[in-house]
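Per-entry structural report
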Amino acid sequence: MLKDFELWFITGSQHLYGPETLEQVAKHSQAIASELDKSKELPVKVVFKPVVKTAEEIYEVVVEANNTPACIGIITWMHTFSPAKMWISGLNALQKPFLHLHTQYNRDLPWSEIDMDFMNLNQAAHGDREFGYMSSRLRLQRKVIVGHWQDAEVQRQIGVWSRAAAGWQEMQTLKVARFGDNMRNVAVTEGDKVDAQIKLGFTVHGFGIGDLLEEINRVSDADIDSLVEKIEKEYQVADELKKGGARHESLRESAKIETGLRSFLDKGGFKAFTTTFEDLHGLKQLPGFAVQRLMADGYGFGAEGDWKTAALLRAMKVMSEGLTGGTSFMEDYTYHFHPDGQKVLGSHMLEVCESIAEKQPVVEIHPLGIGGKEDPIRSIFTVKPGQAINASVVDMGNRFRLIVNEVEVVPLDMPMPKLPVASALWVPKPNLNIGASAWILAGGAHHTVFSQNISAECMECFAEMADIEYLLIDDNTSLFDFKKELKWNNMYYHMQQRI
Ligand code: MN
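Residues numbered from 1 in each chain as written. Predicted model: local features only at pLDDT ≥ 70, side-chain atom pairs only at ≥ 80, totals over all residues. Heavy atoms only, no water.

1. Considering the overall build of the protein chain
- Counting secondary structure elements, the protein chain contains 15 helices and 19 strands.
- Rg of the C-alpha trace for the protein chain: 25 Å, near the compact-globule value of 23 Å for 499 residues, within the 12% margin.
- For the protein chain, the spread of C-alpha atoms along the principal axes amounts to about 85 × 55 × 50 Å.
- Look at the contacts in the protein chain between residues 6 or more apart in sequence, and 78% of them connect residues 24 or more apart.
- Element-wise, carbon and sulfur atoms account for 52% of the exposed surface of the protein chain, whose accessible area totals about 22200 Å².
- Each charge class in the protein chain can be summarised by its mean position, and for the 51 positive and 67 negative side chains these summaries are 2 Å apart. (Helix = DSSP H or I, 4+ residues; strand = E, 2+ residues; numbered from the N terminus. Rg over C-alpha atoms; globule rule 2.2 N^0.38 Å. Contact = heavy atoms within 4.5 Å. Areas by Shrake-Rupley, 256 points an atom, 1.4 Å probe, with all protein chains shown as cover. Lys, Arg positive; Asp, Glu negative; His and termini not counted. Charge placed at Lys NZ, Arg CZ, Asp CG, Glu CD.)

In structure tokens, the structure reads:
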């Protein structure tokens, strides 16, 4: 899917230089666009666009980019000087994310050859400054990447940004289905859905559980048979759940729920959904295993009606396509406060995505004290040690705030044979004390998107595209500075608000 997306490479110039120089500019730009297109660091296509030399040409290509669904953003570069008043109408019209690549065709100065012709052709060092001034004067959010276009680090940064742009594009058309409302009285998973649509693009569609039940009841025995067979092949299934086992019917019920849920989502074009255990009338079990498997297939999910996390998870699933490691719905569940190493045990009552599983999950059935239903099926696994992030989006009343905490997933001190759910154990950066303090001061939710393959760098790009508040908690976080940042941001967003 990411390969269907395009970044348009737009080079600015002007007529002053004459046709020969402009031809050279076009050739260089084509070479750069083609190299970026082929780069393994970029999961999307890069498309060369003819060099723009007038305000009219700039405006036209921007409007075309706006109106091309496959185009998820533009890359701009001023090979020569491109007087920036020419860019005002185009940049004002731009509705796609934009990246300003501050590069130069030649890497090195041609010491013995350099003359004024060379100087007149290779002017990005000052041409991009003129362009940067106008972008700043127009108060435009954009990414600036500096360095030679063949440099691996430059290409990596463009790749990261392009993933954020893909997630942003996905959010613009994303439909979230909600079965039931929020868990009663819960605050942080609530929010303004109208504002979310205005600011973030996605739409939230409420359904009664009866609508889903109707779809589930239509599922045929043959469809249940084939899914159960597949599950028995792909997982390590508990004996009691296997065909002929005492509780096989429960596995069949879970397969029935999954098939109905999947069909409901696909028919309605929903790529994300929420459930709530307070509204399950007619369902025999809380959908656990079904949700885990749907997440692994790329659907966004939020428990207890958490539509913001569901939407964020879906966007991050798109952003992470093709990368090693997984991305899951998560909750900070319980702590290990031992002085030798303070850690967080993350989990949920059922719904953790199998994409983050270290080994093949086991499928079991256990009682669930909540929801008042039959025992639900779930897959159980642990998560591989390594770098990850937790991301949370909250509604501060006048704005959305995205909070990201870098974490280090660590091995279990001891096995947890009685824990009947999937889980991850991590140490937040810079440590649990400062990390959790900052998170709580920022109003971060207990629900998060946990990701092993999307970096904080990528989330920062995403927040800039969305023009929402972004707070990072990492190794450099000091509470003294963080508290000031919160205060300053309150003032900034108060002043930024429309009347
Ligand atoms: Mn929860």
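2. Let's talk about the coordination of the manganese ion
- For the manganese ion, every protein donor is listed as Glu 304 (OE), Glu 331 (OE), His 348 (NE2) and His 447 (NE2), and the spread of their distances is 2.1 to 2.2 Å.
- Overall, the relative accessible area of 0% leaves His 447 in the buried class. (Donors = N, O, S within 2.8 Å, 3.2 Å for Na, K, Ca; no water. Buried < 20%, exposed > 50% of the residue type's maximum accessible area, 1.4 Å probe, protein only.)

3. Overview of the nonpolar core
- Core analysis: the biggest nonpolar cluster contains 88 residues, and Phe 273, Leu 402 and Met 459 have the highest contact counts within it.
- Non-local contacts of Leu 402, meaning those with residues more than four positions away in its chain, are made with Leu 312, Ala 391, Ser 392, Val 393, Met 459, Phe 462, Ala 463, Ile 468, Glu 469, Tyr 470 and Leu 471. (Core = buried A, V, L, I, M, F, W, Y, C linked by side-chain atoms within 4.5 Å.)

4. Side note on helix 2 (residues 55-66)
- The end-to-end C-alpha distance of helix 2 is 17 Å, a good match for the 16 Å that 12 residues give at a rise of 1.5 Å each.
- Every buried residue of helix 2 is accounted for by Ile 58, Val 61, Val 62, Ala 65 and Asn 66. Down the axis of helix 2, the buried side of the element spans an arc of 145 degrees, and every buried residue falls inside it. Counted as exposed and oriented over 90 degrees from the buried face of helix 2: Glu 56 and Glu 60.
- Tucked inside the fold, the buried residues of helix 2 contact strand 1 (6-12), strand 2 (45-52), strand 3 (71-78) and helix 3 (88-93). (Expected span 1.5 Å × (residues − 1). Arc of directions from axis to C-beta.)

5. Some details on the sheet that holds strand 6 (residues 175-179)
- Across the sheet, which stays open at both edges, the 4 strands sit in the order 7-6-9-10 with parallel pairing between neighbours. On the outer flanks of this sheet lie strand 7 (203-207) and strand 10 (300-302), each paired with one strand and no other. Here the strands of the sheet are splayed against their neighbours by 20 degrees on average, with no regard to which way each runs.
- With 3 bridges connecting them, strand 9 (residues 272-274) and strand 10 associate as parallel partners. Across the sheet, the residue bridging to Thr 274 is Gly 302, located in strand 10. (Pairing = 2+ DSSP bridges. Axes fitted to C-alpha atoms, helices over the stretch in contact; angles between N-to-C directions.)

6. As for the side chain of Thr 448
- With respect to the helices and strands, the residue Thr 448 is situated in strand 18 (residues 447-451).
- Assessed through its relative accessible area of 0%, Thr 448 is described here as buried.
- If we skip the residues at most four places from it in the chain, Thr 448 touches Thr 309, Ser 328, Phe 329, Met 330, Glu 331, Asp 332, Asn 390, Ala 391, Ser 392 and Trp 439.

7. With respect to the packing of aromatic side chains
- Within this structure, the stated rule accounts for 17 aromatic pairs.
- Ring plane angle 20 degrees and centroid distance 5.5 Å describe the contact between Tyr 105 and Trp 149, whose orientation is recorded as stacked. On the criterion of sequence distance, the pair formed by Tyr 105 in the loop between strand 4 (98-102) and helix 4 (116-121) and Trp 149 in the loop between strand 5 (143-146) and helix 6 (152-173) is long-range, its members being 44 residues apart.
- Given the relative accessible area of 28%, Tyr 105 is considered partly exposed. (Phe/Tyr/Trp six-rings, centres within 6.5 Å; stacked < 30°, edge-to-face > 60°.)

8. Brief notes about the sheet that holds strand 3
- Spatial ordering of the open sheet is given by 2-1-3-4-5, a layout of 5 strands whose pairing is parallel. Looking at which strands have only one partner, the edges of the open sheet turn out to be strand 2 and strand 5. On average, each strand axis in the sheet is inclined to that of its neighbour by 25 degrees, with strand direction left out of account.
- As judged from the 3 bridges shared by strand 3 and strand 4, these two strands associate in the parallel manner. When the sheet's bridge partners are listed, Ile 74 is paired in strand 4 with Phe 98.
- The strands that helix 1 (residues 19-38) touches are strand 1, strand 2, strand 3 and strand 4; relative to strand 2, the one it contacts most, it runs at about 170 degrees.
- Where helix 5 (residues 124-137) meets the sheet, its contacts fall on strand 3 and strand 4, and the angle it forms with strand 4 comes to roughly 155 degrees.

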